[in-house]
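Given next are the chains, with one letter for each unit.
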Amino acid sequence: MKIAVLNYTGTVGKTTIAAHLLSPRMPHAEVFAIESINETASGLGLEVETIRGEKFKDLFKKLLSLTDAIIDVGASNVEAFLNGMIKAEDSHLEIDLYLVPVTSGSKEQAETIKFINTLSSLGIPNEKIKLIFNRVEEDAEQEFARLFTYTKKENKCVALSEAAIFENELFDMAAVKKVTISAILADANDYKTMLTQLGKDGDKKMASHYADMHFMKALAKSVNRNLDQVFFTVTS
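To keep things clear, this report deals only with the structure shown in the data block.

What counts, and at which threshold
- Residues numbered from 1 in each chain as written.
- Predicted model: local features only at pLDDT ≥ 70, side-chain atom pairs only at ≥ 80, totals over all residues.
- Heavy atoms only, no water.
- Axes fitted to C-alpha atoms, helices over the stretch in contact; angles between N-to-C directions.
- Helix = DSSP H or I, 4+ residues; strand = E, 2+ residues; numbered from the N terminus.
- Parallel < 35°, antiparallel > 145°, perpendicular 65-115°, else oblique.
- Left-handed = near helix turned anticlockwise from the far one by under 90°.
- Contact = heavy atoms within 4.5 Å.
- Core = buried A, V, L, I, M, F, W, Y, C linked by side-chain atoms within 4.5 Å.
- Buried < 20%, exposed > 50% of the residue type's maximum accessible area, 1.4 Å probe, protein only.
- Nonpolar A, V, L, I, M, F, W, Y, C, P; charged D, E, K, R; others polar.
- Pairing = 2+ DSSP bridges.
- Salt bridge = Lys/Arg side-chain N within 4 Å of Asp/Glu carboxyl O.

### Quick word on the packing of helix α9 (residues 191-198) against helix α10 (residues 204-235)
- Between α9 and α10, the least distance of the axes is 8 Å, while the angle of their chain directions is 160°. Compared by their axis directions, α9 and α10 come out roughly antiparallel. As for how α9 packs across α10, the hand of that crossing is left-handed. Each of Tyr191, Lys192, Met194, Leu195 and Leu198 in α9 lies in contact with α10, whose residues at this interface are Met206, Ala207, Tyr210, Ala211, Met213, His214 and Lys217.

Right under this line is the structure:
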């Protein structure tokens, strides 16, 4: 499956979704960052090929020979990416699924509606455009009511409350440590024992790191279950 993650709005979690949600569950997928200025999933330790938005032809040619791909389109490059799709008629058919992450702010929801309208105008069918609700506090349908109402009225995308990534400090901690959640889960170190062995007089910076890692491992299991559900929801 070839999946693009994109939206007009920045800081809604596109790279987080590419690195933490998709890549661990698509182990054979090549990851492309359509980006020029912002951090990509490579900052979390993933192997990523960076392509500028205006080089859509280069990406298109690579997609032709791939079965699985993750395309993380940065907000600064999304217009150029879409222009490339417009010029290459039917090029949108090379991508199986368009995931549109959004956070609950009114501006973000309004921009997302504009973006879905744009994708629909390119001829992309509604079942291939799916929303991912990011940083959900409790109830996606309440926090993203405007988008759910829009989707029911216009039928240009798929909005399912199960496609909700709940707010969790693990994502910010992982970004600081530059590590993916899958890497945290695979980490066999017993940081609690390592912290105890360090002792009260041990290196304070190392002690803080061990404590952070132990806490991150404790958070990772529930977050991973949440991501499993979201991945199943959007790819089914």
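### Things to note about the nonpolar core
- Of all hydrophobic cores here, the largest spans 37 residues; its most connected members are Phe32, Ile71, Phe81, Tyr98 and Phe133.
- Leave out the neighbours within four places in its chain, and phenylalanine 133 touches Val102, Ala140, Phe144, Leu147, Phe148, Ala159, Leu160, Ala163, Ala164 and Ile165.
- Membership of the second largest hydrophobic core comes to 35 residues, among which are Ile17, Leu22, Ile132 and Met216.

### Some thoughts on the packing of helix α1 (residues 14-22) against α10
- Two numbers describe how α1 lies on α10: the axes approach to 10 Å, and their chain directions differ by 100°. Considering the angle they form, α1 stands roughly perpendicular to α10. Across the interface between the two elements, His20, Leu21 and Leu22 of α1 pack against Leu227, Val230 and Phe231 of α10.
- Taken together, the residues of the contact of α1 with α10 sort by class into five nonpolar, one polar and no charged.

### Digging into the sheet that holds strand β1 (residues 2-5)
- Taken in spatial order, the seven strands make up an open sheet running β3-β2-β4-β1-β5-β6-β7, and their pairing is parallel. Edge positions in the sheet fall to β3 (48-51) and β7 (164-166), since each of these pairs with one other strand and no more. Within the sheet, the average angular offset between the axes of one strand and its neighbour, ignoring direction, is 20°.
- With five bridges joining them, strand β5 (residues 97-102) and strand β6 (residues 129-136) adopt parallel strand pairing. By the bridge assignment for β6, proline 101 is matched with isoleucine 132.

### Looking at the pattern of salt bridges
- Across all of its chains, the model carries seven salt bridges by this definition.
- Notably, a salt bridge pairs glutamate 111 with lysine 114, separated by 3.6 Å at the nearest N-O pair. Of this pair, glutamate 111 and lysine 114 both sit in helix α4 (residues 106-121), three residues apart, which is roughly one turn of the helix.
- The shortest N-O distance in the salt bridge between glutamate 167 and arginine 135 comes to 2.9 Å. With glutamate 167 in the loop between β7 and α7 (170-177) and arginine 135 in strand β6, the pair connects residues that are 32 residues apart, well separated along the chain.
- Look at glutamate 167 and you get partly exposed, because its relative accessible area is 32%.
- When salt bridges with common partners are traced through the structure, they connect Arg135, Glu167 and Asp172 into a single cluster.

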